[in-house]
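Chain by chain, the residues:
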Amino acid sequence: MNAFYEHHKDSIQFSYRCFDRILLNGLIQPFQQPERVLGFFNTYREGKRVTKRTLTEIADQFHYWVKNRSEKWGAPILEPPDGDDDDSRRDKFVEQYFQQAKPNQVVAILKAREPARIMIAIGKKDNDSPHLEYKQRWVNQYNFYVNDQHWGRIFIRMCPHFPFSARVCLNQHHWLARRMTEEGIDFQQCTNAFLKCGNPTRLQGLADSLTTRDLLQCGQKWLATLTPFFTDKERKQAGCQHRLFFAQVEYCDNLIFHRRAAVEQVTQRLLDLNRNIGQPKKITTIFGRKVTREYKGKLQSVIEDLDLPNPVIRSHYGHGFAKQYVRDDRLLRTEPATNSVYDYGVNKDVENLPQLRERMSEIIDNYHNVQQDVLETFIDRGQLRKLAEPTILSSGRRIPGLKLDHPRQLAVMHSLVRFANVAAGGRFTTADLYGPALDALGTTDAQYSLASFRYDLSKIRAKGLVERIPRSRRYRLVGKGYSICVAFLKLFEKIYAPLTAGLLTPFRGDRALAEEKRCELDRLYQHVSDDLDALLRAVGLKVAA
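Read on for an overview of the structure. (Residues numbered from 1 in each chain as written. Predicted model: local features only at pLDDT ≥ 70, side-chain atom pairs only at ≥ 80, totals over all residues. Heavy atoms only, no water.)

Taken as a whole, this structure holds 28 aromatic pairs when the rule is applied. Relative to Phe230, the ring of Phe40 has its centre 5.9 Å away and its plane inclined at 75 degrees; by these criteria the two rings are edge-to-face. Of this pair, Phe40 sits in helix 2 (residues 34-44) while Phe230 sits in the loop between helix 7 (212-225) and helix 8 (232-237); the two residues are 190 residues apart in sequence, bridging distant segments of the chain. The buried category is assigned to Phe40, whose relative accessible area is 4%. Residue class for Phe230 comes out buried when judged on its relative accessible area of 5%. (Phe/Tyr/Trp six-rings, centres within 6.5 Å; stacked < 30°, edge-to-face > 60°. Helix = DSSP H or I, 4+ residues; strand = E, 2+ residues; numbered from the N terminus. Buried < 20%, exposed > 50% of the residue type's maximum accessible area, 1.4 Å probe, protein only.)

Take a look at the structure:
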C-alpha cells in the first residue's frame, strides 16, 4: 500500500497490478560458441562440414518449411503494415486473424527484414574448413502470431539462420483473461486493461500466481515446434533447446476510478505541479535543458503528448523508464518498464521472475508516494524552525541549517526530487544530481564546484533527509526527505517569490484592472495578500505602504 492509494481510495473502484508486456529472448546456449557447433555436427550430423553452403541450405530449409506449414495451418504469410516494425501496430494489423481462432492455432505469419545475430563462415566458397563467427546481419525473419491455449494472443519471432535466435512476446492481461474465464469471474476487458471485475481480490491473486514455469512451458513448447531442424534425440542429449531471458518487461499498476472526473482532476493537478517541481515543462524541455528526440541521455523526466487528451509523464533511467497516464477514461496506469533488468538489480534469466515482480512493485510504490508528496503542501508545525537551526554532529562539527531562500540549497532539492531518481529505484550518486543542480541554478561548474555541491548536500544529510547507502557511493532520500524538499520548493517558488514580486514590483496596470478580468492565479495571489493585510491589522501591526 502507498500514500497515493490511501489518499484517493474512496474515489477508486478497484485496483490490480500485473505484468503487461513480457519480451523474452530465446537462444540455444551450446551454440553460442563456434567450436561447440562443430562438435554438434561431428557427433550428430555425421561430421558434416559447416561451410557457407551448409549455413545457406539450413536457412533455405527453414523458408521452405514455413511455406509448407503456412498452407497446412491456413495461416497466411504477410508483409508488415507500411514497413513499420512497431509491435503494437502489427498487433492491430493481425487482429482480424484472431477472430474465431482455435486453441494453439497459428493464425498469421509476418515476414520482415530485421537485424539478427547469426553464424557466418569466413572463407572462400570452396573452403571446407572456414572460420566461424557470429555477426549482426539484416535478414528475413518470421513472426508467428499464435492463439495459445493458456496465454491467448502471443507472437514468436524466429530467425531462420543458424542457430535460430528467437523472441517470445507474452502479455499477462491475456493470460489473466483466460484464468478468470476458467473460474467464472465476470470481467470487462478493454484492449490491454480490465475496467470491470466481479472479484478484484481474486484478480490480484491470479496476477501474483504467475510463475517462471508458466513462461517456460509456453515459450519452450512453441520454440520446439518452430525449430524443426533438430530431432528429439538432439534436443534431449545435446541440449538443443532455447533458453529464455528477459529482454523487455513492463509491470503496471492500474487504478480504476468510479468517475472519469475524479481521475481527470488528479492527473491535471499532477501535470501542472510537475511542470515546476520536477521541471519537465514541455515534450522537449527537461529540467531547463532543450533536447530533441535523438537525445541519448537516460536520466530525464518529460511530459509527452501534451496535445493529446491523455498526456504521459515519463521518467527515464538507464535502459528503461517509468510512465504514468490515463487510459480508457477511468484508469490511471503507472508502469515501470526496462530493456535491461540489470538496471533493477535482477539477472536476466526467467527464473528471477519473483524478484523482478517485487522490485518493480517497489518502484511503483515509490512513484505513487512521490506523486502524493507532490500533491500535498504542508510542513509539520514547529518543524520549520528546527530545520533552519544548525546541526551539531557527534564529531562536534557544525552544519548550517536549511533556509527557504537559499538558491544553492533549492537547486540541490530540485535535483533530489526528479522522477528519474524514482525510476532508478530511489538511489543516486552525486554525479546524477550535480548536472541537474547546475541547470536549476542556471550556472556553470566553474561558478558552482562539485565540492560546494557536496557541502550543500551535507546540510540536507545532517537533517536526516538523505543518507548514504552503506558500502556504496550512492545516496537515497529517507523518511520525509522527499516531502520536505517539495515543501521547501513550493513555499519559495509558489508562495514567497510570487507574493514578494507582486508587493515590491507590481505591474502598474494591475491596480486599475477589474478583478473579473484578471486571471484566476492573479486573483488568488491578491486574496492571499489582502488576507495578510487583514491579519496584520487585526493583531495591531501597521501595514507597510
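This is not the end of the story, as more comes after the structure.
Positive charge collects at one region of the surface, where Arg454, Arg461, Arg468 and Arg473 lie side by side. Along the chain, Arg473 turns up in the loop between strand 19 (466-468) and strand 20 (475-477). Exposure remark for Arg473: the relative accessible area of 71% places this residue in the exposed category. (Patch = residues over 30% accessible without salt bridge, like charges linked within 9 Å, V, L, I, M, F, W, Y side chains within 5 Å. Areas by Shrake-Rupley, 256 points an atom, 1.4 Å probe, with all protein chains shown as cover. Salt bridge = Lys/Arg side-chain N within 4 Å of Asp/Glu carboxyl O. Lys, Arg positive; Asp, Glu negative; His and termini not counted. Charge placed at Lys NZ, Arg CZ, Asp CG, Glu CD.)

Once that is clear, we can look at the environment of Gln136. By secondary structure assignment, the location of Gln136 is in strand 4 (residues 131-148). Considering only alpha carbons, one finds Gln136 and Met119, 17 residues apart in sequence, at a separation of 8.8 Å. If we ignore the near neighbours within four places in the chain, the residues touching Gln136 are Pro115, Ala116 and Arg117. (Contact = heavy atoms within 4.5 Å.)

Take the environment of Asn347 next. Residue position: Asn347 is located in the loop between strand 16 (331-338) and helix 10 (353-375). Owing to a relative accessible area of 49%, Asn347 belongs among the partly exposed residues under this scheme. Residues Asn347 and Phe245, 102 residues apart in the sequence, show an inter-C-alpha distance of 8.8 Å. Contact partners of Asn347, with chain neighbours within four places excluded, come to Phe246, Val341, Tyr342 and Asn352.

In the structure shown here, the tally under the stated rule is 1 cavity of 30 Å³ or more. Approximately 40 Å³ is the volume found for the largest cavity. Of the residues forming the lining of the largest cavity, the biggest block, 3 residues, is contributed by helix 7. A class-by-class count of the residues in the lining of the largest cavity yields 3 nonpolar, 4 polar and 1 charged. (1 Å grid on protein atoms, 1.4 Å probe; cavity = no way out; pocket = protein on both sides within 12 Å on 5 of 7 lines; lining within 4 Å. Points joined across faces, edges and corners; volume = space filled by probe spheres on them. Nonpolar A, V, L, I, M, F, W, Y, C, P; charged D, E, K, R; others polar.)

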